[in-house]
Amino acid sequence: MISFKDFITPVEKYIAVQYDNVTQKRMREWCLSNGFDLTVKHNGEPQAIYKFDFHTTIFYSTSKHRMENGLFHIEPGETKAIGFELLGVDKNIPVLKVTSPDILAIRKYFEEVFQMKDAWDSYKPHISLSYVKDNLPDMSNIKLPDFPLTYSMMKVAD
């Protein structure tokens, strides 16, 4: 249980849309068939392949906020895959670049209503494809997913 002090103390927030179970399954299969390793978490710890979490980050705030953490149902939406890129501090995290007017609207809401400031200079909506930074597949030879990328949940965490 969260203490009252923890509840009222502003903290940096992570906000992301979570892709639905069908999209999670399809992305997992697509990644594995294209040579992406899903056995490592973002923090470098090992994980089971089925636990790899496909999401699009809305904010990784540097500003501090008071808001409830959790996984919340939101109006279902869809993103469109538009390409690949290597992101992260060392440009070694393979991602699927996506576009969605709804995701941009969600981000704008948090910017305007909560005055959130992001850890990154520019916002690049994407879905991380692996956190293993070595032996990456040649993304120039990979076709974009040909299935819908749908989300229906939003995660808020410290």
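What counts and what doesn't
Residues numbered from 1 in each chain as written. Predicted model: local features only at pLDDT ≥ 70, side-chain atom pairs only at ≥ 80, totals over all residues. Heavy atoms only, no water. Helix = DSSP H or I, 4+ residues; strand = E, 2+ residues; numbered from the N terminus. Buried < 20%, exposed > 50% of the residue type's maximum accessible area, 1.4 Å probe, protein only. Contact = heavy atoms within 4.5 Å. Pairing = 2+ DSSP bridges. Axes fitted to C-alpha atoms, helices over the stretch in contact; angles between N-to-C directions. Polar contact = N/O pair within 3.5 Å; in protein donor to acceptor, adjacent residues only side chain to side chain. pLDDT = per-residue confidence, 0-100. Expected span 1.5 Å × (residues − 1). Phe/Tyr/Trp six-rings, centres within 6.5 Å; stacked < 30°, edge-to-face > 60°. Lys NZ or Arg CZ within 6 Å of the ring centre and 35° of its normal. Core = buried A, V, L, I, M, F, W, Y, C linked by side-chain atoms within 4.5 Å.

## Quick notes on the environment of valine 156
Alright, step 1. Mapped onto the elements, valine 156 comes out in strand E6 (residues 149-157).
Alright, step 2. Valine 156 gets classed as buried once you look at its relative accessible area, which sits at 5%.
Alright, step 3. When the C-alpha atoms of valine 156 and isoleucine 58 are compared, they prove to be 9.9 Å apart, with 98 residues separating the residues in sequence.
Alright, step 4. Here valine 156 is in contact with Lys13, Tyr14, Ile15, Met67, Glu68, Asn69, Gly70 and Phe72, once residues within four sequence places are set aside.

## Some remarks on the sheet that holds E6
Alright, step 1. Spatially, E2-E1-E6-E3-E4-E5 is the arrangement adopted by the six strands of the open sheet, whose pairing is antiparallel. Looking at which strands have only one partner, the edges of the open sheet turn out to be strand E2 (55-65) and strand E5 (126-128). Looking at each pair of strands side by side, their axes are set apart by 40° on average, direction ignored.
Alright, step 2. In this structure, strand E4 (residues 93-99) lies alongside E5, joined through three bridges in antiparallel fashion.

## Some thoughts on the side chain of histidine 126
Alright, step 1. Turning to its location among the elements, histidine 126 is positioned in strand E5.
Alright, step 2. Among the polar contacts made by the side chain of histidine 126, one reaches the main-chain carbonyl oxygen of lysine 124 at a distance of 2.6 Å.
Alright, step 3. For histidine 126, the residues in contact, after removing those within four places along its chain, are His55, Thr56, Thr57, Leu87, Val95, Leu96, Lys97 and Val98.

## Observations regarding the confidence of the model for the chain
Alright, step 1. Here the chain shows a mean pLDDT of 91. Residues at 70 or above account for 95%.
Alright, step 2. The least confident element of the chain, judged by mean pLDDT, is helix H1 (residues 4-8) at 58; the most confident is helix H2 (residues 21-33) at 98.

## Looking at H2
Alright, step 1. The end-to-end C-alpha distance of H2 is 18 Å, a good match for the 18 Å that 13 residues give at a rise of 1.5 Å each.
Alright, step 2. For H2, the complete set of buried residues consists of Thr23, Gln24, Met27, Arg28, Trp30 and Cys31.
Alright, step 3. Those residues of H2 that are buried are in contact with strand E1 (11-19), strand E3 (70-87), E4, E5 and E6.
Alright, step 4. Looking at the residues trailing H2, positive phi occurs at glycine 35, about 90°.

## Side note on unusual backbone geometry
Alright, step 1. Unlike most non-glycine residues, lysine 91 shows phi in positive territory, near 50°.
Alright, step 2. Looking at the element boundaries, lysine 91 is found in the loop between E3 and E4.
Alright, step 3. A relative accessible area of 49% places lysine 91 in the partly exposed class.
Alright, step 4. Here the phi dihedral of asparagine 135 falls at roughly 55°; this positive angle occurs in a residue that is not glycine.
Alright, step 5. Relative to the assigned elements, asparagine 135 resides in the loop between E5 and E6.
Alright, step 6. Using a relative accessible area of 78% as the deciding quantity, one classes asparagine 135 as exposed.

## Here's the deal with the packing of aromatic side chains
Alright, step 1. All told, the structure shown has eight aromatic pairs when counted by the stated rule.
Alright, step 2. Ring centres of tyrosine 109 and phenylalanine 110 lie 5.3 Å apart, and the angle between their planes is 85°; on these two criteria the pair is classed as edge-to-face.
Alright, step 3. Looking at tyrosine 109, the relative accessible area reads 43%, which means it is partly exposed.
Alright, step 4. Judged by relative accessible area, which is 6%, phenylalanine 110 ranks as buried.
Alright, step 5. Linked through ring pairs, Trp30, Phe36 and Phe84 together constitute an aromatic cluster.
Alright, step 6. Over the ring of phenylalanine 59 we find arginine 107; its NZ or CZ atom is 4.1 Å from the centre of that ring.

## Describing the nonpolar core
Alright, step 1. If you look at the biggest cluster of nonpolar residues, it comprises 36 residues, and the most contacted ones within it are Ile15, Tyr19, Met27, Trp30, Leu96, Phe110 and Leu149.
Alright, step 2. Counting residues per element, the ones that place at least two in this core are E1, H2, E2, E3, E4, helix H3 (101-114) and E6.
Alright, step 3. Those residues in contact with methionine 27 that sit more than four places away from it in its chain are Phe54, Leu96, Ile127, Leu129, Pro145, Phe147 and Leu149.

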